[in-house]
Amino acid sequence: MIILILLGAGAYVGWNIGANDAANCVGTTVGCGLISYKRAVILVSVFVIAGSLVDGDHVMKTIGKGIVSQQLDYLAIFVALLCSGGFVTLATFYRIPTSTSQAIVGGVLGIGLATGAQIQYSKLIIIAESWILCPILVMGLAYGLYFLLTMFIKRLRVGTLLVQNALGWLAVMSACYVSYSMGANNAGNAVGPIANLGIVHPQILLGIGGVSIAIGALTYGKKVADTVGKGITPLDIPGAFVAQMSSAFGMHLFSILGIPVSTSSAIVGAVVGVGLVKGAKSISKKTILTILVGWVLTPSLAAVTAFFLYKFLKGFFI
Amino acid sequence: MILFKKEKEVIELIEKHADKVEECVSTSLSTLQAYLNGDIASAKKLARETDNLETQADLIRHHVRDKLYGGAYMPLLREDVYKLVESLDKVANAAEKCCDAFLNQRPVVPEFLKQDFLTVIIVSTGVIKPLKHALLCYLKGLCPMEVSRQHAKDVGLIESKVDSLDWDLTKNIFSSDLTYSHKLHLKICVEHIVDLTDKAEDAADCLEVVALKAMI
């Protein structure tokens, strides 16, 4: 019964990830009008599940026993999942593309401190550094790729219409890659704390994580999509392709390294990179600032809430 | 190359459509020249040919529409492509209507106005050349996008010239000793000629918007 409740809590976090982050995968593609949101989320769902099953185990290990190396109790895992899920729900409601990775890492850290477990601070520092490094890396990649692509297209002597069409398809394919990378990086966030117990088979956990993310994308993902696609900087077709390709590559790289990074930060970094080539004026600074505030607040609040909620519940019920 | 086969077929069809529209406009020029020279028999024959060419252009447009909405191009581009073809088709429609107006209503063009009419007709129908160049530049990448946009701008310049000629001709018509009904009738015919350039300018504007969207 307790396992079922924990799996439910993990699925709830997964649902939140899908609701908040599906927009990151397809926001730019939908935003520039290449495909309908309905078709886009179906693609997201398929590739998220594939990514979580094939490449999701690296991050799951980090969340499971990478930050807090010893086994936690059921209540601690439940509180970690509840707090991180709750913050992402709030962010989704207010249409802020926040980071579920930061929320879950914050939640696990808060629980680790509350239970007095040994915290792997070196790992934690690497993760926190990656949160800064990932968007910068992706921004640079997007800047370079967009610059090269525009140079290449200008030299092409093929009909513009065909080039636009080809780029459109590439943008859709890159959206699939982002979805794959998101599944690889974020399914572990949803079910990683449960993996700490070592009771359920990792592939089953990743399957639950992937499917719940897909359900989140299908049921509640549209709200944030508008912010990512149009709110930061309006993108053209090559811009959408480059933004998605760069962020997907960045996330995939960090997934293989087992570091949970923010899908939101990756895509926002990529969109900013594209925006810089077009001229900084096209970037909406207000939207970027709102997202940055969300990034700082999410892990901190998740950690503090998890810490106090665990202390309260432990003292009250046990 | 198998890649984008449907899309390439659409481009071929648009090229064919542009050829038909050009032919239709050229034939309308011959029709109106024959009419003004008093060769009504030839004018009638040429007008029928203009009608026929317009119908052929229409059929190709339908074919393009079927191909587009049968899955060629992404939805975002599909609408732009069809709007472009539709706007080009309206040039052929205008050419046909112009011939029909002359052959059906048989306006009597006085000798002292014939040269002015001929000038407006020649300049107006000449708009099809830069329009077609702009279109082919865009579709086939035969020239840089800036050149395509320059051709589209040339269409606008011709339209301005036709407007000026229209102004002078209208003034000449209304300052003549013709009856008021005769003047009005001639003015209606002038408007038909001018409409062809207006429609060409609309098509060029549509092309410029599509080209601008593709520029990065």
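For clarity, every value in this text was computed on a predicted model and none was experimentally measured.

Definitions and limits used
- Residues numbered from 1 in each chain as written.
- Chains lettered and ligands numbered in written order.
- Predicted model: local features only at pLDDT ≥ 70, side-chain atom pairs only at ≥ 80, totals over all residues.
- Helix = DSSP H or I, 4+ residues; strand = E, 2+ residues; numbered from the N terminus.
- Rg over C-alpha atoms; globule rule 2.2 N^0.38 Å.
- Buried ≥ 20, exposed ≤ 12 C-beta atoms within 10 Å, placed from the backbone.
- Contact = placed C-beta atoms within 7 Å.
- Axes fitted to C-alpha atoms, helices over the stretch in contact; angles between N-to-C directions.
- Left-handed = near helix turned anticlockwise from the far one by under 90°.
- Nonpolar A, V, L, I, M, F, W, Y, C, P; charged D, E, K, R; others polar.
- pLDDT = per-residue confidence, 0-100.
- Core = buried A, V, L, I, M, F, W, Y, C linked by C-beta atoms within 7 Å.
- Parallel < 35°, antiparallel > 145°, perpendicular 65-115°, else oblique.
- Expected span 1.5 Å × (residues − 1).

Draft legend 1. Summary view of the overall build of chain B. Across its full length, chain B carries seven helices and zero strands. Taken from the N to the C terminus, the helices and strands of chain B come in the order α-α-α-α-α-α-α. Its C-alpha radius of gyration of 19 Å places chain B within 12% of the 17 Å reference for a compact globule of 216 residues. Overall, chain B is about 65 × 35 × 25 Å in size when its C-alpha atoms are taken along their principal axes. A burial count over chain B gives 42% of its 216 residues as buried. Summarising the internal contacts of chain B: among those between residues at least 6 apart in sequence, 83% fall at separations of at least 24.

Draft legend 2. The overall build of chain A, seen in detail. Along the backbone of chain A there are twelve helices and zero strands. In sequence order, the secondary structure elements of chain A are arranged as α-α-α-α-α-α-α-α-α-α-α-α. In chain A, which comprises 318 residues, the share counted as buried stands at 61%. Considering only contacts within chain A whose residues lie at least 6 apart along the sequence, 89% involve residues at least 24 apart.

Draft legend 3. Representation of the environment of V85(B). Residues and elements named next belong to chain B. Its location among the elements puts V85 in helix α3 (residues 75-105). It is 10.0 Å that separates the C-alpha atoms of V85 and A57, two residues lying 28 residues apart in sequence. Leave out the neighbours within four places in its chain, and V85 touches I14, H17, R61 and V64.

Draft legend 4. Local environment of the packing of helix α6 (residues 121-155) of chain A against helix α11 (residues 263-278) of chain A. Residues and elements named next belong to chain A. Taken N-terminus to C-terminus, the directions of α6 and α11 make an angle of 35°; their axes are 7 Å apart at the nearest point. Here α6 and α11 pass one another in a crossing that is right-handed. For the pair α6 and α11, the contacting residues are W131, C134, P135, I136, V138, M139, G140, L141, A142, Y143, Y146 and F147 in the first and S265, A266, V268, G269, A270, V272, G273, V274, L276 and V277 in the second. Here the residues of the contact of α6 with α11 sort into 18 nonpolar, four polar and no charged.

Draft legend 5. Geometry of the confidence of the model for chain A. For chain A, per-residue confidence averages 81 on the pLDDT scale, and 88% of positions sit at 70 or higher. Mean pLDDT values over the elements of chain A span from 55, in helix α9 (residues 222-231) of chain A, up to 90, in helix α10 (residues 237-256) of chain A.

Draft legend 6. Seen up close, the interface of chain B and chain A. The interface is formed by 16 residues belonging to chain B together with 17 residues belonging to chain A. Of all elements in the fold, only α1 (5-36), α3, α5 (128-140) and α7 (180-214) of chain B reach the threshold of two or more residues within the side of chain B that touches chain A. Each residue belonging to the side of chain B that touches chain A can be placed in one class, and the counts come to 13 nonpolar, one polar and two charged.

Draft legend 7. Region of interest: the nonpolar core. Counting residues in hydrophobic clusters, the biggest one holds 170 residues, and the most contacted among them are A142(A), A306(A), V91(B) and L207(B). Considering each element in turn, this core owes the most residues, 16 residues, to helix α7 (residues 160-195) of chain A. Ignoring any residue separated from it by four or fewer positions in sequence, one finds A142(A) in contact with V242(A), A243(A), S246(A), A270(A), G273(A) and V274(A).

Draft legend 8. The environment of S262(A), seen in detail. As for its position among the elements, S262(A) is in the loop between α10 and α11. Put simply, S262(A) and I132(A) are 130 residues apart on the chain and 9.7 Å apart in space, counted from C-alpha to C-alpha.

Draft legend 9. Highlighting unusual backbone geometry. All names here are of chain B. One non-glycine residue, Y73, lies in positive phi territory at about 65°. Note that Y73 resides in the loop between α2 (40-69) and α3. For Y73, a count of 24 C-beta atoms within 10 Å corresponds to the buried category. You will see that R106, though not glycine, has its phi angle at about 45°, which is positive. Along the chain, R106 falls in the loop between α3 and α4 (111-125).

Draft legend 10. Layout of the confidence of the model for chain B. The pLDDT averaged across chain B works out to 92; a share of 98% of its residues lies at or above 70. The ipTM for the predicted assembly is 0.72, set against a pTM of 0.78.

Draft legend 11. Structural view of the packing of helix α2 (residues 37-55) of chain A against helix α8 (residues 202-220) of chain A. Residue and element names in this part refer to chain A. Where α2 meets α8, the axes come as close as 8 Å, and the angle between the chain directions of the two elements is 165°. Taken together, the axes of α2 and α8 lie roughly antiparallel to each other. Considering how the two elements wind past one another, α2 and α8 form a crossing that is right-handed. Counting all contacts with α2, which are made through V41, V44, S45, V48, I49, S52 and L53, the residues of α8 involved are Q203, L206, G207, G209, G210, V211, I213, A214, A217 and L218. A breakdown of the residues in the contact of α2 with α8 according to their chemical character gives eleven nonpolar, six polar and no charged.

Draft legend 12. Representation of α11(A) in the model. If you check α11(A), its first and last C-alpha atoms are 23 Å apart, about what 16 residues at 1.5 Å a residue would give, namely 22 Å. Positioned one or two residues after α11(A), G279(A) has a phi angle of 115°, which is positive.

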